[in-house]
Amino acid sequence: KKYLKSEAHALKPIFQVGKDGVGMKQANSINDALKAKELIKVKLLDTCPQTVNEAALEISRLTKAEVVHIIGHTIILYKASEKGIYQI
């Protein structure tokens, strides 16, 4: 996890979760991004009805991704792909 956190440091959040919270449509988009990039950041906006921990658990459950770290309103997610970008 330490390695993934260091790799994610330079990444910008590519998804924002807003007033609708985490839904299936958004989870599918996040899952597609995880397949392509393996390591992504998701930002929760202030309007999100869920706490950052609730949203992280929901995204993790729907995408079968691992929550690497939560920093403020930002969630770092990792899901190994067939390409194997990050060697763990």
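Since the structure is predicted, the reported quantities are computational estimates derived from the model, not experimental observations.

Conventions we followed
Residues numbered from 1 in each chain as written. Predicted model: local features only at pLDDT ≥ 70, side-chain atom pairs only at ≥ 80, totals over all residues. Heavy atoms only, no water. Pairing = 2+ DSSP bridges. Helix = DSSP H or I, 4+ residues; strand = E, 2+ residues; numbered from the N terminus. Salt bridge = Lys/Arg side-chain N within 4 Å of Asp/Glu carboxyl O. Buried < 20%, exposed > 50% of the residue type's maximum accessible area, 1.4 Å probe, protein only.

Here the focus is the pairing of strand β3 (residues 66-71). Judged from the 5 bridges that link them, β3 and strand β4 (residues 74-78) form a sheet pairing that is antiparallel. When the sheet's bridge partners are listed, Ile71 is paired in β4 with Thr74. Linking two consecutive strands that pair antiparallel, namely β3 and β4, is a turn of 2 residues; a positive phi of about 60° is found at Gly72 within it.

Enumeration over the complete set of coordinates arrives at 2 salt bridges. Glu66 is the partner of Lys1 in a salt bridge, and the nearest nitrogen-oxygen pair spans 3.8 Å. Of this pair, Lys1 sits in the segment before α1 (2-8) while Glu66 sits in strand β3, and the two are 65 residues apart along the sequence. Owing to a relative accessible area of 57%, Lys1 belongs among the exposed residues under this scheme. Here Glu66 falls in the partly exposed class, since its relative accessible area comes to 38%. One salt bridge in this structure joins Arg61 and Glu58, with 2.8 Å as the shortest N-O distance.

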